[in-house]
Amino acid sequence: MQTDSSFTFVLFGGTGDLSMRKILPALYEAHRAGGMLADSGKIVAVARHAADRGEYIQWVNEHVKPHVSKNGVDETAWSSFLERIEFVKIDLGNPEDFALLRDAVKDLPGIRVFYLATGPSLFVPICRALASVGLNENARIVLEKPLGYDLKSSNAINDAVGEIFAEEQIYRIDHYLGKEPVQNLLALRFGNALFEPLWRREWVESIQITIAEELGVEARGDFYDNTGALRDMVQNHLLQLLSIVAMEPPHSMDSDSVRDEKLRVLRALKPINPLDIGKVAVRGQYHSGVIRGTAVPAYATEPGVKPNSTTETFVALKVEIENWRWAGVPFFLRTGKRLADRVAEIVVNFRAVPHSALGASALRAGANRLVIRLQPNETIRLYCLAKQPGEGMNLASVHLDLAFDQFFREGQMEAYQRLLLDVINGRLALFVRRDEQEAAWRWVEPILNEWKASNKPPKPYAAGTWGPAAASAMLAQHGTCWLEEEN
Ligand code: BG6
């Protein structure tokens, strides 16, 4: 893909963790691939922890280089990448410093992208300071999650940013939307006539969406302890996945058609009745345990976490969608840290045959099942029943496998690379629109409020397991179980 869209990419939080691990490596990959970034495009890093460009480049060499390219660094591409980088030392607490930024970018070409890889408390002050020096014209602004802490705080940020930038200038990142397999979900659903007739309540008994992590809170204990799994993963990544799984076919792939359909799903989520919360929501917190042979400590002893913390590191929910396609079909969502495996997958359990002449196993729900593994190792697996060879008519579960790496050996793009290219090229489809974000907050808020009001601690689970037993009991009430519990 050749591009001539020139750009000036201003990176706030230029020495932060996200810049180091994701943003600068993604820009390097796009640069190395050739043709994706206009030759004239510049990256202007903004930070206060470096004295000048020389010191910043030294930091990039030391800290960013180890995070680029699984296949090793191409030294020629790396040095030409560094030539794209400029540096401006700014104290973000000091709005007058923004005149330095204005002077640094005024003669640089193309659209200006301001990437706010900073804490959300800085979003509004940065936007105001940009406006005060006239930098909100011909510009796009990228906001990292978390955007707010609840509906009210997210509205406050959106209102304030909205006074300075129009909605079409605002790119709210949810990096799950940039993942290749999540894109592929759209292809699977809307590129194949095969699944569409089955993708509805008449044929689907239940759907599970899991994002499980082996990692704990790493160095982010302080942030995480004030956030928790519901805000960190459910309000955004899991509800976005759910809306893609459940949405109606969009009439085109333009920015708003897909987002309009996702929004309809988010607005159709059955509100959670606080009295039912114990039946439809499970919150857990990991205790010490063993993951792949290594002992790991309890959440409450992680650095930055309060010793008596009641923050959840695990959530499981039963969600319903109130529309004709999905009425009555339970969607079970689950995410957690320090679980038994790192896996993100969607499991569509189809209904059993209405009458079986072939024995009871054909009457088992889930005999036909589609398992869409998003990561690691993207695969789609369709389970069916087949006759076991030999005498008699005994049925056994078999599956058809589609492993994507057998078909596409090259061209995989990291989520951040795709999303940054989309910002530079003005493609909004994979970014969260304000109304989607509000609908998601509106739906999760009663859960947050109820958990806070009830003051009950989260249910403990040992690290290296699949979370509290209550998460399994919730599915058992519906006559089903999580995929890994199938024997
Ligand atoms: C982030 C969360 O948004 O997503 C992290 O803040 C989480 O807590 C991460 O670890 C998971 O992303 P991925 O791409 O590794 O599945």
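Refer to the structure above for everything that follows.
Residues numbered from 1 in each chain as written. Predicted model: local features only at pLDDT ≥ 70, side-chain atom pairs only at ≥ 80, totals over all residues. Heavy atoms only, no water.

All residues adjacent to the ligand are K145, H175, Y176, K179, E213, R220, D232, M233, H237, K337 and Q375. H175 places a side-chain nitrogen or oxygen 2.8 Å from an oxygen atom of the ligand. At a separation of 2.8 Å, an oxygen atom of the ligand approaches a polar side-chain atom of Q375. Coverage of the ligand by the protein chains reaches 79% of its 400 Å² of free accessible surface. Sort the elements by how many residues they give to the shell around the ligand and helix α9 (residues 228-246) lands first, with three residues. When grouped by side-chain class, the residues that make up the shell around the ligand number two nonpolar, three polar and six charged. (Near = heavy atom within 4 Å. Polar contact = N/O pair within 3.5 Å; in protein donor to acceptor, adjacent residues only side chain to side chain. Areas by Shrake-Rupley, 256 points an atom, 1.4 Å probe, with all protein chains shown as cover. Helix = DSSP H or I, 4+ residues; strand = E, 2+ residues; numbered from the N terminus. Nonpolar A, V, L, I, M, F, W, Y, C, P; charged D, E, K, R; others polar.)

Let's shift gears to the pattern of salt bridges. One pass over the full model with this rule turns up 34 salt bridges. Across the pair D276 and K279 runs a salt bridge whose closest N-O atoms are separated by 3.6 Å. Residue K279 is classed as exposed on the basis of its relative accessible area of 52%. One connected set of salt bridges, linked through shared partners, spans D256, R259, D260, R433 and D435. (Salt bridge = Lys/Arg side-chain N within 4 Å of Asp/Glu carboxyl O. Buried < 20%, exposed > 50% of the residue type's maximum accessible area, 1.4 Å probe, protein only.)

This part is about the packing of helix α1 (residues 17-33) against helix α13 (residues 415-424). The interhelical angle for the contact between α1 and α13, taken along N-to-C directions, is 70 degrees, at an axis separation of 8 Å. If you check the angle between α1 and α13, you find them roughly perpendicular. Seen along the crossing, α1 lies across α13 with a hand that is right-handed. Within the contact between the two elements, α1 uses L18, K22, I23, A26, L27, E29 and A30 and α13 uses Y416, Q417, L420 and L421. (Axes fitted to C-alpha atoms, helices over the stretch in contact; angles between N-to-C directions. Parallel < 35°, antiparallel > 145°, perpendicular 65-115°, else oblique. Left-handed = near helix turned anticlockwise from the far one by under 90°. Contact = heavy atoms within 4.5 Å.)

So, about the sheet that holds strand β5 (residues 139-143). The six strands lie next to each other as β3-β2-β1-β4-β5-β6, forming an open sheet whose pairing is parallel. Each having just a single partner strand, β3 (85-89) and β6 (170-172) make up the two edges of the open sheet. Pairs of neighbouring strands in the sheet enclose a mean axial angle of 20 degrees, with direction left out of account. Running over the sheet, α1 touches β1 (7-12), β2 (42-47) and β4 (111-116) and is turned about 170 degrees from β1. (Pairing = 2+ DSSP bridges.)

Now for a nonpolar patch on the surface. A cluster of nonpolar residues, L402, F407 and F408, forms a patch on the protein surface that exposes about 320 Å² of accessible area. Inspection of the secondary structure puts F408 in the loop between α12 (404-407) and α13. (Patch = residues over 30% accessible without salt bridge, like charges linked within 9 Å, V, L, I, M, F, W, Y side chains within 5 Å.)

In this section: the environment of P307. Of note, P307 is situated in the loop between β10 (294-296) and β11 (314-319). In this structure, the C-alpha to C-alpha distance between P307 and S206, residues 101 residues apart in sequence, is 38 Å.

Two pairing modes exist for strands in a sheet, parallel and antiparallel, and in both the strands are linked by backbone hydrogen bonds. Ordered by their spatial adjacency, nine strands build an open sheet running β16-β15-β14-β13-β7-β12-β11-β8-β17, and the pairing between neighbours is mixed. On the outer flanks of this sheet lie β16 (395-403) and β17 (459-462), each paired with one strand and no other. The mean angle between the axes of side-by-side strands here comes to 20 degrees, regardless of whether they run parallel or antiparallel. Pairing geometry for strand β7 (residues 204-212) and strand β13 (residues 343-350), over eight bridges, is antiparallel. When the sheet's bridge partners are listed, A212 is paired in β13 with V343. Of the strands in this sheet, β13, β14 (369-375) and β15 (379-387) touch helix α7 (residues 180-191), which is tilted by about 150 degrees from β14.

With the rule as written, the count across this model stands at 18 aromatic pairs. Between the aromatic rings of F12 and F114, the centroid separation amounts to 6.4 Å while the plane-to-plane angle is 45 degrees, which identifies the pairing as tilted. A residue pair is termed long-range when its members are at least 10 positions apart, and F12 in strand β1 and F114 in strand β4 qualify at 102 residues. The residues F12 and F114 share a single accessibility class, namely buried. (Phe/Tyr/Trp six-rings, centres within 6.5 Å; stacked < 30°, edge-to-face > 60°.)

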